[in-house]
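Listed below are the residues making up each chain.
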Amino acid sequence: MQDTLRFITCGSVDDGKSTLIGRLLFESKNIFDDQLSALTKDSTRYGTQGEAVDFALLMDGLQAEREQRITIDVAYRFFATPRRRFVVADTPGHEQYTRNMATGASTADVAVLLVDARKGVLTQTRRHSRIVSMLGVRHVVVAINKMDLVNWDEAVFSQIAADYQLLANTLGFATVQTIPVSALTGDNITQGSAAIPWYTGPALLPCLEALEVTTPSDSLPFRMAVQWVNRPDPDFRGYCGRVASGVIKTGDAVCVMPQGTETQLKSIVVWQGERSAAAAGDAVTLCFDSDIDAGRGDVVASAVNPVELSDQFEAHVLCLSAQHLIAGRPYLIKLHTCQASATITAIKHRIDVDHGVRLAAKTLELNDIGVVNLSVDRALPFEPYGRVKSLGAFILIDRLTNETIGAGMIDFALRRAANLRWQALDLDKVARAGLKLQKPHCVWLTGLSGSGKSTIANLLEKRLFAAGRHTYVLDGDNIRHGLNRDLGFTEADRIENIRRVAEVAKLMVDAGLIVIVSFISPFRAERDYARSLFQTGEFFEVFVDTPLAECERRDPKGLYAKARRGSLKNFTGIDSPYEPPDTPELRLHAAVDSAENCVKKILNAFLP
Amino acid sequence: MNSHLDNLESESIEIIREAVATAGKPVMLYSIGKDSSVMLHLARKAFWPAPPPFPLLHIDTTWKFREMIAFRDRMAKESGFRLFVHTNQQARSNGVTPFTHGSEVYTDLMKTAALRQALDDGGYDMIFGGARRDEEKSRAKERIFSYRAAGHQWDPKAQRPELWNLYNTRLVVGETIRVFPLSNWTESDIWQYIEREQIPIVPLYFAAPRPVVRRAGQWIMVDDDRLPLNAGETPEIRMVRFRTLGCYPLTAAVESTATTLAEIIDETLAARSSERQGRLIDHDGAGSMERKKREGYF
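Residues numbered from 1 in each chain as written. Chains lettered and ligands numbered in written order. Predicted model: local features only at pLDDT ≥ 70, side-chain atom pairs only at ≥ 80, totals over all residues. Heavy atoms only, no water.

**A closer look at the packing of helix α11 (residues 453-466) of chain A against helix α17 (residues 595-606) of chain A**
Residue and element names in this part refer to chain A.
- Interaxial distance between α11 and α17 falls to 9 Å at its minimum, and their mutual angle equals 60 degrees. One element, α11, and the other, α17, form an angle in the oblique class. As α11 runs across α17, the sense of the crossing is right-handed. Mapping the contact onto sequence places Thr455, Ile456, Leu459, Leu460, Arg463 and Leu464 in α11 and Ala595, Glu596, Cys598, Val599, Ile602 and Leu603 in α17.
- A class-by-class count of the residues in the contact of α11 with α17 yields nine nonpolar, one polar and two charged. (Axes fitted to C-alpha atoms, helices over the stretch in contact; angles between N-to-C directions. Helix = DSSP H or I, 4+ residues; strand = E, 2+ residues; numbered from the N terminus. Parallel < 35°, antiparallel > 145°, perpendicular 65-115°, else oblique. Left-handed = near helix turned anticlockwise from the far one by under 90°. Contact = heavy atoms within 4.5 Å. Nonpolar A, V, L, I, M, F, W, Y, C, P; charged D, E, K, R; others polar.)

In structure tokens, the structure reads:
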């Protein structure tokens, strides 16, 4: 039986990746006649090979790619030989498109890494090797290309092979093979070449046909993430998913996480029938002996070997977006079929892809790889990526733009969530607030410096105090003198500043107080995060909407003047953005309304 | 050990379930061809014993082969799907045909614009299509979950990264995602699967004596009396079949004696030309598929 090998081609720009794939397809007779004639036509128009056929154009299917003569996005091609089927992902070499290269690598068994014989091992060679290693690709074939341009010199080949081996030694690949080729002339691609009597190994295609890639997932314990609950009628309840690892048979005891519910497998339902067993890779519907409460995002696992659960992870992360990954900012995480809120609590280090050394980093920028600590808002069932890829891989999504900004792989749990239960206390928020005869609230004042937040907060507290309410004001400047005095004004520090205040406000609301927060809090994501800590109806976002010109005119602390002179950096409204709330509970025009009136409006709206 | 068809099937079922689980209002584009037949079969498998939780949508240009329409109505009935049919009535009443307005304008109005109308009217946010990456070079570049900005435009330079089987399905109002469960299938996979699963297909795929005319080196079937015959063209009966099905004036037949699935598979494996060679609209200038896709075509 033919199996399928998935491989990617990667390497630096102009190393000849697309040409190599075109050549593989051509030599293995997988290009149709009409495609070849279209290719011949295109070659004269866009090609880089003069009158000859430019195989790169077979792969570079986008107009922009043909016009710029580069590969921008990953292309998937399919071909077969009598011995094996192949899915090949042709990935871009340009550094700015590294994320597209990672997309191709995430599902590959083998990486065919091209090296230009004239240039040897380059930064992109190292970068791509590190990325494929991190993504768990276990086999590398190094195709040393353009050997015809160095007269098939064995010494050149041996030197590059030795250089690459030094790099590979640090990356933990299972196999590394080095093959001299010329994609342009077709030498040593499908069969050995007379030009290299000194080379005794296989040509590229025979090498790929013979490469053994074993996936150990059948010997691991059974796991399946629930994708969909199938309930056509009250008598049928099936849990749909694709088996991530292991084997399951009817009658097996299973444990559903995170609930920890144990039950037995009654049946495995497939199209118009049932089967007695399922293994890794199968898409099935499972029915259990007892009715259990489970849904999308839960993991069905062997009861003998339940799946781990945690809300704190150490992970490798690749930044995929021009928006930096920042510690403290809440992102959406998608881990198998779970979606939750996750925050990078610390960037431990960035990995320098050229040398593999660890560098200190405050943020991760586009194409950076780093090791981070990740905190999730609830405990999720998972496996380390190195054990079961599909239960350890995740993506991070920006809450506002919905952009995929990071791809990550769980290395291990920092602590088992089981060891850190929430301490249940006998007295709760309702009891504590009841004693004070009030409903606890958080009134969050946001706006530019000088907009009048502190004046309003001060007056509001006096009014509430006079009415016998228990209150507290958290003021931006005051908090920065104590709790947050270790923080500066970079984007990352501002996010941490808000996170701490939001957490303190939450504790105070839990204590039964009415908390007035008076912070510039310029970013929507952090205000939304603050809101997410509270119950519905507890949190009031009040936008103190005073125009920048008016704030600057008032300039009570002389800060605008300093910022304009350039002696104060990252000042909101001047050289750091303020993102106004889209739908605040209340908007105050403090430039035209008196502080007294503003306070009245707040009291009328929330605290009658 | 699973066969490669089992793996493809499981992958597609996973994709279909993932889309439905995260969609607000999913719909499946049904074009009546062999790929649509396979996709519909996979959708039924994915949710068995429940019926698939979404309807089928067919964009009817009014120039489909008659046998396709008969087959469509039969399949909708047998499979238990709800079927919606949409035609661009404005363009139709303006008399737009492939002959009067040329294939490009016709395709834009009767297929692409019609599709956009139907998707907007239905408020669908995730739309299944049967496109495969091996069909055409711009499709080889497309994601499985292909994000479309409001207005259905595809921006090939701003595709969402798609690592592993993790799909970013987050949308705001007006944005949509095209989902391609058959992305990794090849033409021969489709035929082998149809044979293995005994999936019903339109009889036009099997060779039979049919009335055709020779036009620009291709065999065009005279499916009804609306096809204007050029000077010197006389319909003749030839043993032909179709590798791909679309609007009959724009879809060429190939001469063939393959009357069984086994013979079709043999022919497919030995073919020296690609299946879309018979799609006349693919040859409307270089990069024409990418341009159509950017405008919202599947």
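**Here we look at the sheet that holds strand β5 (residues 145-148) of chain B**
Residue and element names in this part refer to chain B.
- Within the open sheet, the six strands sit side by side as β3-β2-β1-β4-β6-β5. Their pairing is mixed. Edge strands, defined here as strands with exactly one partner in the open sheet, are β3 (83-86) and β5. The average undirected angle you get between the axes of adjacent strands in this sheet is 30 degrees.
- Sheet analysis places β5 next to strand β6 (residues 176-179), joined by four bridges and oriented antiparallel. When the bridges of β6 are listed, Phe145 appears paired with Val179.
- Sitting on the sheet, helix α3 (residues 66-79) is in contact with β2 (56-59) and β3, with an inclination near 150 degrees to β3.
- Docked against the sheet, helix α5 (residues 98-122) engages β1 (26-29), β2, β3, β4 (126-128) and β6, running at close to 145 degrees with respect to β2. (Pairing = 2+ DSSP bridges.)

**Describing the pattern of salt bridges**
- A full pass over the atoms with the stated rule returns 53 salt bridges over all chains.
- Arg350 of chain A is the salt-bridge partner of Asp368 of chain A, the closest N and O atoms lying 3.8 Å from each other. Here Arg350 of chain A lies in strand β20 (residues 338-351) and Asp368 of chain A lies in the loop between β22 (363-364) and β23 (369-382), a separation of 18 residues in the sequence.
- We classify Asp368 of chain A as buried; its relative accessible area is 13%.
- For Arg350 of chain A, a relative accessible area of 24% translates into the label partly exposed.
- Each of the salt bridges in this network shares a partner with another, and the network as a whole consists of Asp6, Glu9, Lys45, Arg196 and Glu197 of chain B. (Salt bridge = Lys/Arg side-chain N within 4 Å of Asp/Glu carboxyl O. Buried < 20%, exposed > 50% of the residue type's maximum accessible area, 1.4 Å probe, protein only.)

**So, α17 of chain A**
Residues and elements named next belong to chain A.
- Helix length check: α17, at twelve residues, gives a terminal C-alpha distance of 17 Å against a target of 16 Å (1.5 Å per residue), a fit within 8%.
- Among the residues of α17, Cys598, Val599, Ile602, Leu603 and Phe606 are the ones counted as buried. In a view along the axis of α17, the buried residues occupy a sector of 135 degrees, so they form one face of it.
- In this fold, the buried residues of α17 make contact with β26 (441-446), α11, β29 (539-544) and β30 (586-588). (Expected span 1.5 Å × (residues − 1). Arc of directions from axis to C-beta.)

**Quick look at the domain arrangement of chain A**
All names here are of chain A.
- In terms of domains, chain A is made up of domain 1 (4-214), domain 2 (217-302), domain 3 (309-419) and domain 4 (429-606).
- Taking the mean C-alpha position of each, domain 3 and domain 4 sit 30 Å from one another.
- At the junction of the two partners, domain 3 supplies seven residues and domain 4 supplies eleven residues.
- Roughly 820 Å² is buried in total at the junction of domain 3 and domain 4, and carbon and sulfur atoms are behind 66% of that figure.
- Broken down residue by residue, the surface that domain 3 buries against domain 4 is led by Arg329, Pro330 and Leu400, which jointly contribute 52%.
- At the boundary of domain 3 with domain 4, the tally comes to three salt bridges. (Domains from an automatic or database assignment. Buried area = accessible area lost by both parts, 1.4 Å probe.)

**What to know about the pairing of strand β10 (residues 252-255) of chain B**
- Where strand β8 (residues 218-221) of chain B lies against β10 of chain B, two bridges are found, and the strand directions are antiparallel. The residue bridging Ile220 of chain B from the neighbouring strand is Ala252 of chain B, located in β10 of chain B.

**Observations regarding the sheet that holds strand β28 (residues 514-518) of chain A**
Residue and element names in this part refer to chain A.
- Judged by pairing direction, the sheet is parallel, and its five strands sit side by side in the order β27-β28-β26-β29-β30 without closing on themselves. Each end of this open sheet is capped by a strand with a single partner; those strands are β27 (471-475) and β30. On average, each strand axis in the sheet is tilted by 20 degrees relative to the strand beside it, whichever way the strands run.
- The pairing of β27 with β28 spans five bridges and is parallel. Each bridged residue has a counterpart across the sheet, and for Tyr472 the counterpart in β28 is Val515.
- Of the strands in this sheet, β26 and β29 touch helix α14 (residues 524-532), which is tilted by about 155 degrees from β29.
- Packing of α17 onto the sheet brings it into contact with β26, β29 and β30, and relative to β30 it is tilted by some 170 degrees.

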